[in-house]
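Fold and geometry: a report
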Amino acid sequence: MESQSDLPTTPSTRHKCSACYKQYKKKEHLVEHMKCSFHSVHQPRCGVCKKHCKSFESLREHLSGPLPKAKCSMIFSERGCYLCLKLLDSPSSLDEHKKICRLPAPVPLGTVDMSYTESQSGVSDLNGDNLIRRGPEAVAIDCEMVGGGDDGSLDLCARVCLIDEDENLLFHTYVQPQIPVTNYRYEVTGLTEEHLRNSMPLKEVHDKILQILYNGESVGRVRVVGGKARLLVGHSLEHDLDCLRMTYPDHLLRDTANYRPLMKTNLVSHSLKYEIQSGTHDPYEDCVSVMRLYKRMRDLKHQESIEASFATRCTEYFPDVFGSGKTKELEMMTPDELYQVSRSNYKCWCLDQGQNTDTN
């Protein structure tokens, strides 16, 4: 069957985007679309028709929303996982997949007799070869805030928790706020004055967390390339780091609130609400939620494409084709060729895997 690029150009020819299938009367309009769409192999896409979507929310709408694509919806209802949106080969494969896709809820830490805890294996023993093969380790963090100020609206970190990729507790402590607490927000935090009576000073908390994150690496190397330093995973990390009076390099942050595939279609963050959460917030549950979400995104297997993956990986070195001003040259390219030189405007977390760094 002839592809669109093989068809002769006529006044009625529609120029169809190879990624999202939008059609345009003029080639220049397709080029403008490609300039702002940032299509790449890393975008969420339908397992049936292969259409690219801006986010998993828009993909879910495409498959099971109020006005889904009929064929895709029918096939997905038979062989699709509504949790991860993966399309399986058969209904029996789907049944097996569901057994491992829905993870059991973690046991919350609670607040009774739960004060200071630190793992005895805070520094990784991974050697350099394993780091290259596996990619950097990740640590998830969550802070619970109480209120300060006259009206209790000022967020003060009162509790912090860190876990590793296997959901083991690395660090937990209550934190001594730097100013008086005027609202413990008990209904949400479960915290009282007693919990913070002998809590750890913020500066000590700050130092212990950085010790875990730096993982024995020098500060200078962490700032430039990371080395053995760990990735920091969280939801609205900027807020947590600000309350901890702490900074960490942007290239080592993995924030589920700002990751484009997880955001709403209008680029507004989803709140962190999962079935495992109920009643008061528990920092361990929240850490587990963001870590599981991060690992799902990191472990995605994207289509291998030499041209597209090269452009995606080399954003800082590869000239911006769509920003070069060579509109006429771009209009001479086929839709498939335009897609091949298009790049993502975010770093896909699948690139955190050592193996994927070489193929995606």
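What counts and how
Residues numbered from 1 in each chain as written. Predicted model: local features only at pLDDT ≥ 70, side-chain atom pairs only at ≥ 80, totals over all residues. Heavy atoms only, no water. Helix = DSSP H or I, 4+ residues; strand = E, 2+ residues; numbered from the N terminus. Contact = heavy atoms within 4.5 Å. Areas by Shrake-Rupley, 256 points an atom, 1.4 Å probe, with all protein chains shown as cover. Core = buried A, V, L, I, M, F, W, Y, C linked by side-chain atoms within 4.5 Å. Buried < 20%, exposed > 50% of the residue type's maximum accessible area, 1.4 Å probe, protein only. UniProt positions renumbered as here; feature names shortened; annotations may be inferred. Salt bridge = Lys/Arg side-chain N within 4 Å of Asp/Glu carboxyl O. Phe/Tyr/Trp six-rings, centres within 6.5 Å; stacked < 30°, edge-to-face > 60°. Polar contact = N/O pair within 3.5 Å; in protein donor to acceptor, adjacent residues only side chain to side chain.

So, the overall build of the chain
Along the backbone of the chain there are 13 helices and 10 strands. Across the chain, contacts joining residues at least 24 apart in sequence account for 61% of those joining residues at least 6 apart. As presented, the chain carries roughly 19,500 Å² of accessible surface, and 52% of it is formed by carbon and sulfur atoms.

Quick notes on the nonpolar core
If you look at soluble globular proteins, the nonpolar side chains tend to sit buried side by side. The biggest cluster of nonpolar side chains holds 57 residues, and the ones touching the most others in it are V160, L162, I209, L244 and Y248. With 14 residues, the next largest nonpolar core counts C20, Y24, M333 and L338 among its residues.

Describing the UniProt feature "domain: C2H2-type" (unreviewed entry) in the chain
The UniProt entry lists residues 15-44 under the feature "domain: C2H2-type" (unreviewed entry), expressed in the numbering used here. Secondary structure across residues 15-44 divides into 37% helix and 13% strand, with the first and last C-alpha atoms of the span separated by 22 Å.

Some points on the pattern of salt bridges
According to the stated counting rule, one finds 13 salt bridges in the structure shown. Close ionic contact of E167 with R292 constitutes a salt bridge, the shortest N to O distance being 2.8 Å. With E167 in the loop between β5 (154-163) and β6 (169-176) and R292 in helix α10 (residues 283-298), the pair connects residues that are 125 residues apart, well separated along the chain. The partner of E194 in a salt bridge is R197, and the shortest N-O contact between them spans 3.0 Å. With relative accessibility at 53%, the residue E194 sits in the exposed group. The structure contains a network of salt bridges with shared partners spanning E165, R298 and D299.

Thoughts on the packing of aromatic side chains
In the structure shown here, the tally under the stated rule is 5 aromatic pairs. Their ring planes at 80° and their centres at 5.0 Å tell us that F76 and Y82 sit as a pair that is edge-to-face. Exposure remark for F76: the relative accessible area of 1% places this residue in the buried category. Y82 gets classed as partly exposed once you look at its relative accessible area, which sits at 41%.

Quick look at the environment of K50
With respect to the helices and strands, the residue K50 is situated in the loop between α1 (27-37) and α2 (56-64). For K50, a relative accessible area of 40% translates into the label partly exposed. Expressed as a C-alpha distance, the spacing of K50 and C72, which sit 22 residues apart in the sequence, is 9.7 Å. Not counting residues up to four positions away in its chain, the partners in contact with K50 are A19, Y21 and R45. Within the local environment of K50, its side chain forms a polar contact with the backbone oxygen of G47, the two atoms lying 3.2 Å apart.

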